[in-house]
Amino acid sequence: MKNNYLPFERPLLELKEKIAELEKFSQQKGIDLSDEIQTLQNKATNLEKQIYKNLTTWQKVQIARHASRPTTMHYIRTIFTDFMELHGDRLYGDDPAIVGGIAKLDGRPVTVIGHERGTGTKEKIARNFGMPHPEGYRKALRLMQQANKFGRPIITFIDTQGAHPGMEAEERGQSEAIARNLREMAGFSVPIVCVVTGEGGSGGALAIGVGNRLLMLEHAYYSVITPEGAAAILWRDATKAQEAAEALKITSADLKSLGIIDEIISEPKGGAHKDPVLQSKYIKQAIIKHLSPLLSMSEEELIGDRYQKYAMIGEYTLLTKM
């Protein structure tokens, strides 16, 4: 139980442990402590509301990184049916940090792709903690090109600290693979819906994130760099990650106000890991809601819609000579 709680949740954990102790004591001794237990339960409910209503950016980052947070494979299994995973980039090999294939969304064939972190220590290591190599992005591109050829909508799930930063990834063309995905996704003539489910780190996230609609889970974050990376660059001190997180404006609320994302998908109280099945239900509803109007658009309209989405992001001032 303790391993499922984050540091800022400790007061709530201690209160729930006290309630459990009182319930056990009451049963063992045959003493009616229902009033005392109810008082503590009410206190726990109020404390829970207070904690999750006033989360800081850094606390949201911690929730996005929670070890038990549902992964892409969980969402594929619970949102889609008839999933058939496809492997390999036809150039170098298969990258388990990116999963993808063909599935059905309420009976409609779609192509689904996402970062996959893994759920146990061995699997996390095997999947490189969800940090793809170039072959992962080339696999994703191959599957998206296939979807574009056969007119299947594309659904992507974003959850990565970033692309793998190792020398071998650079040697195999990491930057080129990411850049190519950005270019190709911009011109696909099928609907693309992207969902940030956990961490959305740098180009490693953006490489499967150029879509007509960008949705984001309530406690996920989406950033050009991790807070630790930004702190190391700006202050040469990674311990200032909390300060960097606040400055970067990386939460779903920040990005919605900036017009970067299209919808914030609610999470169960405490985060997606508290009720993964319910979280899948929320995500499915949001995907269908945004995909439905896109299906009625022509190929030219879809490309134009995508272009306009990104053209509208950000503000600038035109300076003219006096």
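- Labelled according to an unreviewed UniProt entry, the chain appears under the name Acetyl-coenzyme A carboxylase carboxyl transferase subunit alpha, originating from Thermoactinomyces mirandus.
- Quoted verbatim from the Subunit (unreviewed entry) field of the UniProt record, the comment on the chain reads "Acetyl-CoA carboxylase is a heterohexamer composed of biotin carboxyl carrier protein (AccB), biotin carboxylase (AccC) and two subunits each of ACCase subunit alpha (AccA) and ACCase subunit beta (AccD)."

## Description of a nonpolar patch on the surface
Now for step 1: Taken together, the side chains of Ile233, Leu234 and Trp235 define a hydrophobic patch exposed on the protein surface, amounting to about 330 Å² of accessible area.
Now for step 2: For Leu234, a relative accessible area of 60% translates into the label exposed.

## Concerning the pattern of salt bridges
Now for step 1: With the rule as written, the count across this model stands at 16 salt bridges.
Now for step 2: In this structure, the salt-bridge partner of Asp159 is Arg117, at a minimum N-O distance of 3.0 Å. Of the two residues, Asp159 is situated in strand E4 (residues 154-160) and Arg117 in the loop between strand E3 (108-115) and helix H5 (121-126); the sequence distance between them amounts to 42 residues. You'll find Asp159 and Arg117 in the same group, each marked buried.
Now for step 3: For Glu199, the salt bridge is made with Arg117, and the minimal N-O distance between the two is 2.4 Å. Separated by 82 residues along the polypeptide, Glu199 in strand E5 (residues 192-201) and Arg117 in the loop between E3 and H5 bring together distant segments of the chain. Here Glu199 and Arg117 have matching classes, each one buried.
Now for step 4: Connected through salt bridges with shared partners, the residues Arg65, Arg117, Asp159, Glu199 and Glu228 form a single ionic network.

## Digging into the nonpolar core
Now for step 1: In this structure, Phe80, Phe157 and Ile283 are the most contacted members of the largest nonpolar core, which totals 53 residues.
Now for step 2: Leave out the neighbours within four places in its chain, and Phe80 touches Tyr75, Ala103, Lys104, Leu105, Val110, Val112, Ile155 and Phe157.
Now for step 3: Tyr5, Leu6, Leu33 and Ile63 belong to the second-largest nonpolar core, a separate cluster that totals 15 residues.

## Points about helix H10 (residues 227-234)
Now for step 1: For H10, the full list of buried residues reads Pro227, Gly229, Ala230 and Ala231.
Now for step 2: Among the structural elements, helix H3 (57-64), strand E7 (221-223) and helix H11 (241-248) are those in contact with the buried residues of H10.
Now for step 3: In the stretch just after H10, Arg236 is the one whose phi turns positive, near 55 degrees.

Parameters and conventions
Residues numbered from 1 in each chain as written. Predicted model: local features only at pLDDT ≥ 70, side-chain atom pairs only at ≥ 80, totals over all residues. Heavy atoms only, no water. UniProt positions renumbered as here; feature names shortened; annotations may be inferred. Patch = residues over 30% accessible without salt bridge, like charges linked within 9 Å, V, L, I, M, F, W, Y side chains within 5 Å. Areas by Shrake-Rupley, 256 points an atom, 1.4 Å probe, with all protein chains shown as cover. Salt bridge = Lys/Arg side-chain N within 4 Å of Asp/Glu carboxyl O. Buried < 20%, exposed > 50% of the residue type's maximum accessible area, 1.4 Å probe, protein only. Helix = DSSP H or I, 4+ residues; strand = E, 2+ residues; numbered from the N terminus. Core = buried A, V, L, I, M, F, W, Y, C linked by side-chain atoms within 4.5 Å. Contact = heavy atoms within 4.5 Å.

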